[in-house]
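These are the residues of each chain, in order.
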Amino acid sequence: MRPNALKLRLALSTPAAAGLGKLREYFAYHGVWSPGVRCLRQMTIRSKVLLVMGILAAPMLPLAGYVVLGQSQEVRLNTQRLAGMELALASLGLQTELVATAAALDSGEPRPPDARTSADAALRSAYHDALHRGLDIRETWERGRVDVDRAIAAPIDHSAASQRLRQAALTALQDLRIHVIYSSGLLSHGDGPLQAASALAAEVLPALQEAIEKLHHEVHEGVSQGRGSEPDRHALVQRQALALADVLRLEQQVRQHATMSRGDLAQQVKSVRDLIAMVQRDVMLPGASPDLTPLRKTYRQASAEVSLLRQSLAAQVTEQLRQRQSAAVAMRTQVCVALVVAILLSGYLTYCFFLVMGGGVRQLQQQARRMADRMARWDFHLQWRFDLLSRAGSRQ
């Protein structure tokens, strides 16, 4: 034997060569698909179908869960925004009652009916509803609740103690309203016009109404005190100028938010601009002697316009939030129903497939048995003919 042939045979007889040969044999027929083919050969048809369904469902189930969680999150956020809007309006209602009594005392007008208790009951109801809907405002509520209770129980008069209690309650209610607005996400829901309208109804217009009340109080106090000493007049002019600057700033914010909300809202607060012009002309100019009668009339018109616009916007925002809430709940329901229907339909079709495959296998088994029976009878017939011919041959 030649040396090269001997070396080749020795090389092929080594364990490494044997393993390489087995590996080539493994991939000989199906190439890279051999592992999958050989694995599926060992599985039943039911196991194969379940495996394919599991592979298809593995990436779809997390996506479906993400969609359901997203819709549930949208429902929760809309619920909290609606609860925040209702609580902010209830807080503002009690603030309005406290301010109305003080304004009536300052102007000497007939005092309106005391509605502080009913406004506080509405505030408590809105607070418990907000807690039930998931708003975390308990700490702010409890921190200012003592001042609010004292102001409601205090008599309505000009005493320093009553004014101090009333101011502390107004501050507590304002802190509660601001905390509710921002913790509920009322101003961060992505809808520009609705967000601007929410800011107007819950933040800007209430602040404008408070600024108008403060300006009227400062002007009325200045006229009531008369000329006074020079330091007192200087301090009074400073307070009036600051109050007028707040009204001007907030009126400009109303214009800006009105543009964002796509509504002609700025024309609905015309009396506010009239009040600003009247105060600048009749109060702030040196040597001016203001007449409280037209000033009080313009103040009432401005306050009524702001209050009416705030109530109108609050009703619109509340209705839109309820519509968004209903739409979010409906969308979540549709998604859940679609998922349940898809799962049930998939299970139904899979079971039908098993039934069809089972029937086909049974038919194949029956045909195989019939063929086996025929072959057996044919073999028996051949064997009988052979035996018959053999006996006939032996007799001859």
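Whatever comes next refers back to the structure up there.
Residues numbered from 1 in each chain as written. Predicted model: local features only at pLDDT ≥ 70, side-chain atom pairs only at ≥ 80, totals over all residues. Heavy atoms only, no water.

1. Some remarks on the overall build of the protein
Next, step 1: Scanning the protein for helices and strands turns up eleven helices and zero strands.
Next, step 2: The linear arrangement of helices and strands in the protein, starting from the amino end, is α-α-α-α-α-α-α-α-α-α-α.
Next, step 3: For the protein, buried positions account for 32% of its 396 residues.
Next, step 4: When the accessible surface of the protein is totalled, it reaches about 24,500 Å², and 61% of it is carbon and sulfur. (Helix = DSSP H or I, 4+ residues; strand = E, 2+ residues; numbered from the N terminus. Buried < 20%, exposed > 50% of the residue type's maximum accessible area, 1.4 Å probe, protein only. Areas by Shrake-Rupley, 256 points an atom, 1.4 Å probe, with all protein chains shown as cover.)

2. What to know about the nonpolar core
Next, step 1: Counting residues in hydrophobic clusters, the biggest one holds 41 residues, and the most contacted among them are Met-85, Leu-205, Leu-208, Ile-212, Val-247, Val-272 and Leu-295.
Next, step 2: Looking at this core element by element, the count peaks at 13 residues for helix H8 (residues 192-225).
Next, step 3: Those residues within four positions of Leu-295 in sequence are excluded, and the remaining contacts are Val-219, Leu-275, Met-278, Val-279 and Val-283.
Next, step 4: In terms of nonpolar packing, the next biggest core, distinct from the first, is built from 23 residues, Leu-94, Ile-137, Ala-169 and Leu-176 among them. (Core = buried A, V, L, I, M, F, W, Y, C linked by side-chain atoms within 4.5 Å. Contact = heavy atoms within 4.5 Å.)

3. Observations concerning a positive patch on the surface
Next, step 1: On the surface, Arg-369, Arg-370, Arg-374 and Arg-377 cluster together into a patch of positive charge.
Next, step 2: Within the secondary structure, Arg-369 sits in helix H11 (residues 292-395). (Patch = residues over 30% accessible without salt bridge, like charges linked within 9 Å, V, L, I, M, F, W, Y side chains within 5 Å. Salt bridge = Lys/Arg side-chain N within 4 Å of Asp/Glu carboxyl O. Lys, Arg positive; Asp, Glu negative; His and termini not counted. Charge placed at Lys NZ, Arg CZ, Asp CG, Glu CD.)

4. Some points on the packing of aromatic side chains
Next, step 1: A full pass over the atoms with the stated rule returns one aromatic pair.
Next, step 2: The interplanar angle of 5° and the centroid separation of 4.0 Å between the aromatic rings of Tyr-127 and Trp-141 together place this pair among those described as stacked. With Tyr-127 in helix H5 (residues 116-132) and Trp-141 in helix H6 (residues 138-153), this pair connects stretches of sequence that are 14 residues apart.
Next, step 3: Using a relative accessible area of 4% as the deciding quantity, one classes Tyr-127 as buried.
Next, step 4: Given the relative accessible area of 9%, Trp-141 is considered buried. (Phe/Tyr/Trp six-rings, centres within 6.5 Å; stacked < 30°, edge-to-face > 60°.)

5. Let's talk about the environment of Leu-165
Next, step 1: The residue Leu-165 is located in helix H7 (residues 160-183) in this model.
Next, step 2: Leu-165 sits in the partly exposed class, given a relative accessible area of 27%.
Next, step 3: If we ignore the near neighbours within four places in the chain, the residues touching Leu-165 are Asp-147, Arg-150, Ala-151 and Ala-154.

6. Description of the packing of H6 against H7
Next, step 1: At a minimum axis separation of 8 Å, H6 and H7 run at an interaxial angle of 150°. Taken as axis vectors, H6 and H7 run roughly antiparallel relative to one another. Like other packed secondary-structure pairs, H6 and H7 cross with a definite hand, here left-handed. Every residue of H7 that contacts H6 at Thr-140, Trp-141, Gly-144, Asp-147, Val-148, Arg-150 and Ala-151 is listed here: Leu-165, Arg-166, Ala-168, Ala-169, Ala-172, Leu-173, Asp-175, Leu-176 and His-179.
Next, step 2: Here the residues of the contact of H6 with H7 sort into nine nonpolar, three polar and four charged. (Axes fitted to C-alpha atoms, helices over the stretch in contact; angles between N-to-C directions. Parallel < 35°, antiparallel > 145°, perpendicular 65-115°, else oblique. Left-handed = near helix turned anticlockwise from the far one by under 90°. Nonpolar A, V, L, I, M, F, W, Y, C, P; charged D, E, K, R; others polar.)

7. Digging into the packing of H5 against H6
Next, step 1: The geometry of H5 relative to H6 is characterised by a closest axis approach of 12 Å and an angle of 170° between their N-to-C directions. Of the possible angle classes, the one that applies to H5 and H6 is roughly antiparallel. In this structure, H5 uses Arg-116, Thr-117, Asp-120, Leu-123, Arg-124, Tyr-127 and Leu-131 to contact H6, whose residues at the interface are Arg-138, Trp-141, Arg-145, Val-148, Asp-149, Ala-151 and Ile-152.

8. What to know about H6
Next, step 1: For H6, spanning 16 residues, the distance from its first C-alpha to its last is 22 Å, which sits close to the expected 22 Å at 1.5 Å a residue.
Next, step 2: Bending of H6 peaks at approximately 40° at the position of Arg-145.
Next, step 3: What H6 keeps buried is the set Thr-140, Trp-141, Gly-144, Arg-145, Val-148, Ala-151 and Ile-152. (Expected span 1.5 Å × (residues − 1). Bend = angle between axes of the 7 residues up to and from the residue.)

9. Considerations on the side chain of Arg-145
Next, step 1: Tracing the chain through its elements places Arg-145 in helix H6.
Next, step 2: A distance of 2.8 Å separates polar atoms of two side chains, one belonging to Arg-145 and the other to Asp-149.
Next, step 3: Contacts of Arg-145, omitting those with residues within four sequence positions, involve Asp-120, Leu-123, Arg-124 and Ile-152. (Polar contact = N/O pair within 3.5 Å; in protein donor to acceptor, adjacent residues only side chain to side chain.)

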